[in-house]
Amino acid sequence: MTSNPKSGSGSAAGRTGPPGEAAGQTPGHHETETERRKRRAVFLRELTEARELRARVQPRRTKERRMREAMRMRTFRI
């Protein structure tokens, strides 16, 4: 997860404040649309990276998961 310069341990232990607020923001600060999109882009990039890593580390499980998902899609197609 090298794409996030502020990445930590991944736990929520260091966060303070109400659940709706991001860490490091003052209570009156409302993030702009641009800030939200940047955070979302970083999150999606890291999520994709994590999925790719999982696919490389556990190829058999990934293949089984893909096969189950394909079977599910075929089963419930109308």
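The structure presented is a predicted model; accordingly, all values stated were derived computationally and were not measured.

Brief notes about the overall build of the protein
Part 1 of the reasoning: Each helix and strand counted, the protein has 2 helices and 0 strands in total.
Part 2 of the reasoning: Looking at the 78 residues of the protein, the share that counts as buried comes to 4%.
Part 3 of the reasoning: Carbon and sulfur atoms make up 55% of the accessible area of the protein, which amounts to about 7500 Å² in all.

Quick word on the pattern of salt bridges
Part 1 of the reasoning: In total, this model carries 4 salt bridges according to the counting rule given.
Part 2 of the reasoning: Between Arg39 and Glu31 there is a salt bridge whose closest N-O contact spans 2.8 Å.
Part 3 of the reasoning: You can call Glu31 partly exposed: its relative accessible area is 27%.
Part 4 of the reasoning: Of the charged contacts in the structure, one is a salt bridge between Arg36 and Glu33, with a shortest N-O distance of 3.0 Å. A residue pair is termed a helical-turn pair when its members lie 3 or 4 positions apart in one helix, as Arg36 and Glu33 do in helix α1 (residues 33–57) at 3 residues.
Part 5 of the reasoning: For Arg36, a relative accessible area of 35% corresponds to the partly exposed category.

Examining the confidence of the model for the protein
Detailed reading of the predicted coordinates is not advisable wherever pLDDT is low.
Part 1 of the reasoning: Mean pLDDT over the protein works out to 75, with 62% of the residues at or above the 70 mark.
Part 2 of the reasoning: Contacts from residues 11–15, a stretch scored under 50 in pLDDT, to residues over four places away or in other chains number 1 contact.

Rules used throughout
- Residues numbered from 1 in each chain as written.
- Predicted model: local features only at pLDDT ≥ 70, side-chain atom pairs only at ≥ 80, totals over all residues.
- Heavy atoms only, no water.
- Helix = DSSP H or I, 4+ residues; strand = E, 2+ residues; numbered from the N terminus.
- Buried < 20%, exposed > 50% of the residue type's maximum accessible area, 1.4 Å probe, protein only.
- Areas by Shrake-Rupley, 256 points an atom, 1.4 Å probe, with all protein chains shown as cover.
- Salt bridge = Lys/Arg side-chain N within 4 Å of Asp/Glu carboxyl O.
- pLDDT = per-residue confidence, 0-100.
- Contact = heavy atoms within 4.5 Å.

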